[in-house]
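Descriptive analysis of the structure
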Amino acid sequence: MVFPGTWSDRDCGWVIDQVLGAELQYLWHKDADLKGCDCIILPGGFAYGDYLRTGAIARFAPVMEKVSEFADRGGLVWGICNGFQVLCEAGLLPGALIRNSSLEYRCQWTNLVVERTDLAFTSRCDEREVLSIPIGHGEGNYFADPATLSRLEQRGQVVFRYCDSGGRVTNNANPNGSTHNIAGIVNARGNVLGMMPHPERCSEAELGGTDGLKLFRSVAASAMQVLVS
Amino acid sequence: MIARIVVTPKPVVNDPQGITVRQGLATLGFREVSDVRIGKYIEVSLEADSEHQARQRVEAMCKQLLANHVIEDYRFEIETDGHKRR
């Protein structure tokens, strides 16, 4: 999905068609249909300049109505960084992403512990696997009110948490002040994922790591299953 | 009419900008400052038959777009012919 101001679309596209060899379609924000895609990725960037709030305007893009319908039917929707912010503003995921507690734009490698491996997005990961995936954001501090937060925890909707290299969820490993070290969450049904770290930036050894590719491979495998079943 | 809207982070939401500015003010000697919250000011010019109607419309604008109810509170005043009403 490409909004004016999206900037990680080509990076995601490269992983999909050059690394995975899967079929790729770019969707423009004014498109009236989703061109038969199995998974919609909302990439990072600054959609519509992040005017007013991050993701606030992108949610009104003509194509977003189709994305909501697609998600309602169980289609896979994956928001990365700015895409996560858009999904929260659109109400497809609960909570909001606010300014990093440090006030700094953080561009660094982070460790993430995978807490769900039964999802289409993480099926190729091991239980409690620690992934090394970079972040690049100024507003990735996940916030939700206490009731929403306990609902997320009870239902196991936290997919990724910032941790140290040993998988321990500590304050020091939290790069942005996110509540409960949350780096990524999924909706109750498990088909809409939002995450701040950038798997598309670590899907080839030349870029310093390939942990991100596990997520892309998981999605590709589940899309194949849908085709077969 | 003109709606003057103020959007602020909810009290439960940590406001790192506010904390940093409070520290800056303390450094400058403004020791009396106990808290700083940083929000947004939005001015909306609109046509409305009555102040009541304008109020309803602005309320809807705040709910649907201008403020994010998860993290922000809002308040506004409507100015009609130079008269401000909160």
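Residues numbered from 1 in each chain as written. Chains lettered and ligands numbered in written order. Predicted model: local features only at pLDDT ≥ 70, side-chain atom pairs only at ≥ 80, totals over all residues. Heavy atoms only, no water.

1. A look at the overall build of chain A
Regarding its fold elements, chain A presents 5 helices and 9 strands. For 229 residues, the compact-globule estimate of 2.2 N^0.38 gives 17 Å, and the C-alpha radius of gyration of chain A, at 16 Å, lies within 12% of that figure. When the backbone C-alpha atoms are referred to their principal axes, chain A occupies close to 45 × 40 × 35 Å. Partitioning the contacts of chain A with sequence separation of at least 6, the portion at a separation of at least 24 is 74%. When the accessible area of chain A is evaluated, it comes to approximately 9,700 Å², of which 49% is carbon and sulfur surface. Averaging the coordinates of the 20 positive side-chain charges in chain A and doing the same for the 26 negative ones gives two points 4 Å apart. (Helix = DSSP H or I, 4+ residues; strand = E, 2+ residues; numbered from the N terminus. Rg over C-alpha atoms; globule rule 2.2 N^0.38 Å. Contact = heavy atoms within 4.5 Å. Areas by Shrake-Rupley, 256 points an atom, 1.4 Å probe, with all protein chains shown as cover. Lys, Arg positive; Asp, Glu negative; His and termini not counted. Charge placed at Lys NZ, Arg CZ, Asp CG, Glu CD.)

2. Some thoughts on the overall build of chain B
For chain B, the helix and strand inventory stands at 2 helices and 4 strands. By the compact-globule yardstick of 12 Å for 86 residues, chain B is too spread out, its C-alpha radius of gyration being 16 Å. Judged by the C-alpha coordinates and their principal axes, chain B covers about 50 × 30 × 15 Å. Sequence separation of 24 or more characterises 66% of the internal contacts of chain B that already satisfy a separation of 6 or more. For chain B, the exposed area adds up to about 5,600 Å²; of that, 51% sits on carbon and sulfur atoms. Considering chain B, the positive charge centre built from 13 side chains and the negative charge centre built from 13 side chains are found 5 Å apart.

3. Points about the interface of chain A and chain B
The interface is formed by 15 residues belonging to chain A together with 16 residues belonging to chain B. The interface formed by chain A and chain B contains 1 salt bridge. Ionic pairing is found between Arg53 of chain A and Glu72 of chain B, a salt bridge with its closest N-O pair at 3.7 Å. Viewed at the interface, chain B and chain A are joined by 5 residue pairs in polar contact (both at pLDDT 80 or more). (Salt bridge = Lys/Arg side-chain N within 4 Å of Asp/Glu carboxyl O. Polar contact = N/O pair within 3.5 Å; in protein donor to acceptor, adjacent residues only side chain to side chain.)

4. Description of the pattern of salt bridges
Residues and elements named next belong to chain B. Evaluation of the coordinates by the stated rule reveals 21 salt bridges over all chains. Measuring nitrogen to oxygen at the nearest pair gives 3.4 Å for the salt bridge that ties Lys40 to Glu72. Separated by 32 residues along the polypeptide, Lys40 in strand E2 (residues 40-45) and Glu72 in strand E3 (residues 72-80) bring together distant segments of the chain. On the accessibility criterion, Lys40 (29% relative accessible area) is partly exposed. Owing to a relative accessible area of 10%, Glu72 belongs among the buried residues under this scheme. Close ionic contact of Arg55 with Glu51 constitutes a salt bridge, the shortest N to O distance being 3.3 Å. Remark: Glu51 and Arg55 occur in helix H2 (residues 51-66); sequence separation between them is 4 residues, near one turn of the helix. (Buried < 20%, exposed > 50% of the residue type's maximum accessible area, 1.4 Å probe, protein only.)

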